Amino acid sequence: MGGSRIAFLGLGNMGLPMARNLVAAENSVVGYDVGEAAQAAAVAAGLEVAATAAEAVAKADAVVTMLPAGDAVSQAYCGEGGVLASASPAALLIDSSTIDVATSRQVHAAAAAAGFAMVDAPVSGGVAAAAAGTLTFMVGGETAALQRAEPLLHAMGMTVVHAGPAGNGQAAKICNNLMLGIQMVSVCEAFLLARRLGLEDQALFDIASKASGQCWSLTSYCPVPGPVPGSPANRDYRPGFAAAMMLKDLRLSQGAAAEAGLATPLGAHAAALYEAYCTADGGAADFSGIIRWLDRNT
Ligand code: NAD
């Protein structure tokens, strides 16, 4: 269902293809990004781009944000010239960034105090799913706000799950990416061991993808070139999902676990490995590129 005026803030690896799917669903979209390269890429992709966030949101029926981290989300919503100051309170607010639960709940509270309906709606699926419109959205917020968001979320994704009240979408996302980080390291370790045992990459893939080792990191995002042609391993680990983002999410899960008084030992170890990989290689490459660091250091 189209026909909405949408402001889309954050036109990076994920945001731009998501915004394009909203356009494809016949909504009118005005984008905004603080980065010049992202702005230029959006214009080249045919998106209308405003000069400021305030201009982008001024006439919007809905605002979607896809930003790197909690401080950027706070700034975009609560800062000077931000969404709460510049949009109509009739606009629905959808934050699809992955951020910490506490910041998400603070922004929800500020939005509610300013009269806005809001959902946190982080995504799973990566850049390919963002482009194909097959993301999974995990949504926190009131049912009425979710019902208003659903047509837009379905224009960008295939699955929409209500995780509970404000911030629970972020809680679900952090738990999901705790699994993802651990699983990616496990798949990389298995390929490195298989090679040393004389097993071809394709042979391990053909077997494990039909056996009990199968998981998304193997079957959709294989960290070695060949078996999954669209995976970042086939383009020298260009993201995709940057290693720095994975480290951010693992740190979020470690922070949440510490606050909850829960030990997550494999999560802690995965976070330490991603930290070492990002320190060594800069963090800009895809998170599956950790296989190269593991190969050098294990
Ligand atoms: P990205 O760095 O490619 O894009 C983020 C964009 O936000 C950048 O272009 C940046 O310039 C812009 N930005 C920062 N602050 C801004 C502000 N105040 N106003 C407007 N624009 C601003 O990151 P990404 O890979 O697109 O990820 C975005 C979010 O989605 C992150 O929270 C990430 O954890 C999450 N996510 C990413 C993936 C993935 O595969 N890349 C998958 C699931 C979730």
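In case you missed it, the structure is sitting above this.
Thresholds, definitions, all that
Residues numbered from 1 in each chain as written. Predicted model: local features only at pLDDT ≥ 70, side-chain atom pairs only at ≥ 80, totals over all residues. Heavy atoms only, no water. Axes fitted to C-alpha atoms, helices over the stretch in contact; angles between N-to-C directions. Helix = DSSP H or I, 4+ residues; strand = E, 2+ residues; numbered from the N terminus. Left-handed = near helix turned anticlockwise from the far one by under 90°. Contact = heavy atoms within 4.5 Å. Nonpolar A, V, L, I, M, F, W, Y, C, P; charged D, E, K, R; others polar. Near = heavy atom within 4 Å. Polar contact = N/O pair within 3.5 Å; in protein donor to acceptor, adjacent residues only side chain to side chain. Areas by Shrake-Rupley, 256 points an atom, 1.4 Å probe, with all protein chains shown as cover. Buried < 20%, exposed > 50% of the residue type's maximum accessible area, 1.4 Å probe, protein only. Right-handed = clockwise from strand over helix to strand, strands pointing away. Pairing = 2+ DSSP bridges. Arc of directions from axis to C-beta.

Participant: Now, about the packing of helix H12 (residues 243-260) against helix H13 (residues 265-281): what can you tell me, with residues and values included?
Facilitator: H13 packs onto H12 with a crossing angle of 150 degrees between their chain directions and a minimal axis gap of 9 Å. The two elements H12 and H13 cross, and the hand of that crossing is left-handed. Contact with H12, carried on its side by Ala243, Ala244, Met246, Leu247, Leu250, Arg251 and Gln254, involves Gly267, Ala268, Ala270, Ala271, Tyr274, Glu275, Tyr277 and Cys278 of H13 and no other residues of that element. Residue composition of the contact of H12 with H13, grouped by class: eleven nonpolar, two polar and two charged.

Participant: Mind laying out the site of the ligand, listing which residues take part and the relevant values?
Facilitator: Around the ligand there are 23 residues in total, and Asn13, Met14, Asp33, Leu67 and Thr98 lie nearest to it. Leucine 67 is positioned with one of its backbone polar atoms (N or O) 2.8 Å from an oxygen atom of the ligand. Threonine 98 places a polar main-chain atom, nitrogen or oxygen, 2.9 Å from an oxygen atom of the ligand. Notes on the ligand: free accessible area 830 Å², of which the protein chains cover 87%. Of all the secondary-structure elements, those providing two or more residues to the shell around the ligand are helix H7 (126-132) and H12. Residues belonging to the shell around the ligand are distributed by class as follows: twelve nonpolar, eight polar and three charged.

Participant: Go over the pairing of strand E1 (residues 5-9), please, and point to the residues and values.
Facilitator: Burial analysis of E1 places four of its five residues in the buried class, the great majority of the element. Crossover connection from E1 via helix H1 (residues 15-24) to parallel strand E2 (residues 28-32): handedness right-handed. Inspection of the sheet shows E1 paired to strand E4 (residues 62-65) by four bridges, in the parallel sense. Bridge pairing in E4 links alanine 7 to valine 63.

Participant: Got a sec to walk through helix H4 (residues 70-78)? Specific residues and values, please.
Facilitator: When H4 is considered as a whole, its buried residues turn out to be Gly70, Val73, Ala76 and Tyr77. Down the axis of H4, the buried set is contained in an arc of 130 degrees. They therefore lie on one face. Turned more than 90 degrees off the buried face of H4, the exposed positions are Asp71 and Gln75. Lining the buried residues of H4 we find E4, helix H5 (83-86), strand E5 (92-95), helix H6 (101-113) and strand E6 (117-120).

Just distances and angles here, no functional claims.
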